[in-house]
Amino acid sequence: MASSSATWLPAGAEEIPIWHGAAPDMPSQARPKESASPIRKVPGRFYTAVANVSAPTMTVFQPASRKTDAAIIVFPGGGFRILAIDLEGTEICDWVTRMGATCVLLKYRVPGGNDYWDDTLNRRVTPPVPLALQDAQRTIRLVRANAASLGVDPAKVGVIGFSAGGYLVAQTSNIVKDTYRPVDAADALSSRPDFAMALYPGHLCRDGHVLEPSIQATKQTPPTFLLQAWDDPVDPICNSTLYASALEKAGASAEVHLFSSGGHAFGLRSPGNATGTWPELAERWLRAQKLLPSDQPASSPGR
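Residues numbered from 1 in each chain as written. Predicted model: local features only at pLDDT ≥ 70, side-chain atom pairs only at ≥ 80, totals over all residues. Heavy atoms only, no water.

1. Quick word on the confidence of the model for the chain
Across the chain, the average pLDDT comes to 92, with 94% of residues at 70 or higher. Segment residues 1-5 is flagged for pLDDT under 50; beyond a separation of four residues in sequence, or across chains, it makes 14 contacts in the model. (pLDDT = per-residue confidence, 0-100. Contact = heavy atoms within 4.5 Å.)

2. A short note on helix H1 (residues 86-98)
The largest bend along H1 reaches roughly 25 degrees and is located at Ile-92. Along H1, 11 of the 13 residues are buried, which leaves the element largely enclosed by surrounding structure. Among all positions of H1, only Asp-86, Leu-87, Glu-88, Gly-89, Thr-90, Glu-91, Ile-92, Cys-93, Trp-95, Val-96 and Thr-97 are buried. Positioned one or two residues after H1, Gly-100 has a phi angle of 95 degrees, which is positive. (Bend = angle between axes of the 7 residues up to and from the residue. Helix = DSSP H or I, 4+ residues; strand = E, 2+ residues; numbered from the N terminus. Buried < 20%, exposed > 50% of the residue type's maximum accessible area, 1.4 Å probe, protein only.)

3. Topic: the pattern of salt bridges
Inspection of every chain in the model, using the stated rule, returns 13 salt bridges. Here Asp-69 ties to Lys-156 by a salt bridge, and the two come within 3.1 Å at their closest N and O atoms. In this pair, Asp-69 sits in the loop between strand S4 (57-61) and strand S5 (71-75) while Lys-156 sits in the loop between helix H3 (147-150) and strand S10 (157-162), placing the two residues 87 residues apart along the sequence. Residue classification places Asp-69 among the partly exposed positions, given a relative accessible area of 28%. Between Asp-135 and Arg-109 there is a salt bridge, with the nearest N and O atoms lying 2.8 Å from each other. (Salt bridge = Lys/Arg side-chain N within 4 Å of Asp/Glu carboxyl O.)

4. Points about the environment of Pro-27
Note that Pro-27 resides in the loop between strand S1 (15-17) and strand S2 (35-42). On the basis of relative accessible area, Pro-27 is assigned to the partly exposed category, the value being 37%. C-alpha separation for the pair Pro-27 and Arg-40, spaced 13 residues apart in sequence, amounts to 29 Å.

5. Looking at the sheet that holds strand S15 (residues 254-259)
Taken in spatial order, the eight strands make up an open sheet running S1-S4-S7-S5-S10-S11-S14-S15, and their pairing is mixed. Each end of this open sheet is capped by a strand with a single partner; those strands are S1 and S15. Sheet twist, expressed as the mean angle between neighbouring strand axes with direction ignored, is 20 degrees. Both S5 and strand S7 (residues 102-107) contribute to a ladder of four bridges, which runs parallel. When the bridges of S7 are listed, Ile-72 appears paired with Cys-103. Where H1 meets the sheet, its contacts fall on S4, S5, S7 and S10, and the angle it forms with S7 comes to roughly 170 degrees. Its contacts with the sheet place helix H5 (residues 238-250) against strand S14 (224-229) and S15, and it is angled at close to 155 degrees to S14. (Pairing = 2+ DSSP bridges. Axes fitted to C-alpha atoms, helices over the stretch in contact; angles between N-to-C directions.)

What follows is the structure, given as structure tokens:
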């Protein structure tokens, strides 16, 4: 049974609207009310799917013990149809804050806020206005604009995304042109992240085994961490390999991990599988980028 969107929020957490009033470029027709529901069992339990988001928000999670002035913005997956808000959202923020970093969870607009598969039409649909990308660009700028109050360095604002959220990682890393009209001073700031992590990304590998043409990597593309399982049944491995190749050709920095097995949407819930080592690999990479103390021990996923 669907329930209020507030039910997924941990105690004490608060959703902050990212737009003044209504979000830009929303369709004029009425949309169903936002809801949060247990949707599908992931090893051990259900995850919570947030659907029909028309009022995007960000939720800030601060570490109990700060070890870095970096901030990581989380883009959950869900095929741009729903958001896996705990599996690839709040649980990821738990890991980020255990590392001593500030975590910002973006609840972006779905469905249809970006490239997605339409089951009714049985084809891929690319909307004329990328609403989810608007929300992602806006959130990166808001974090930079509020860096002092958040206790973060505006030059250490990174992103991590899963599945569809990994596509947002690639988009924000390479599409710096405004996708919406500026609404305040925050929009004068850069929307490109300073570092990027994409796990089992989707929507990058197009028909003919080519990279989505709007993703044009350059030397300005931020250092990127990529990870995916070879047997991913949802987003083929070419989503990572094509993007990694583009980064290499552009002279951008990248670290790539490909596992023989692990499937899709494992988040932090793959104990006993090689993909379960990804938090340690990511933390080592963050230390190499000088975003975490070099002597900091790896944090336990705690799941």
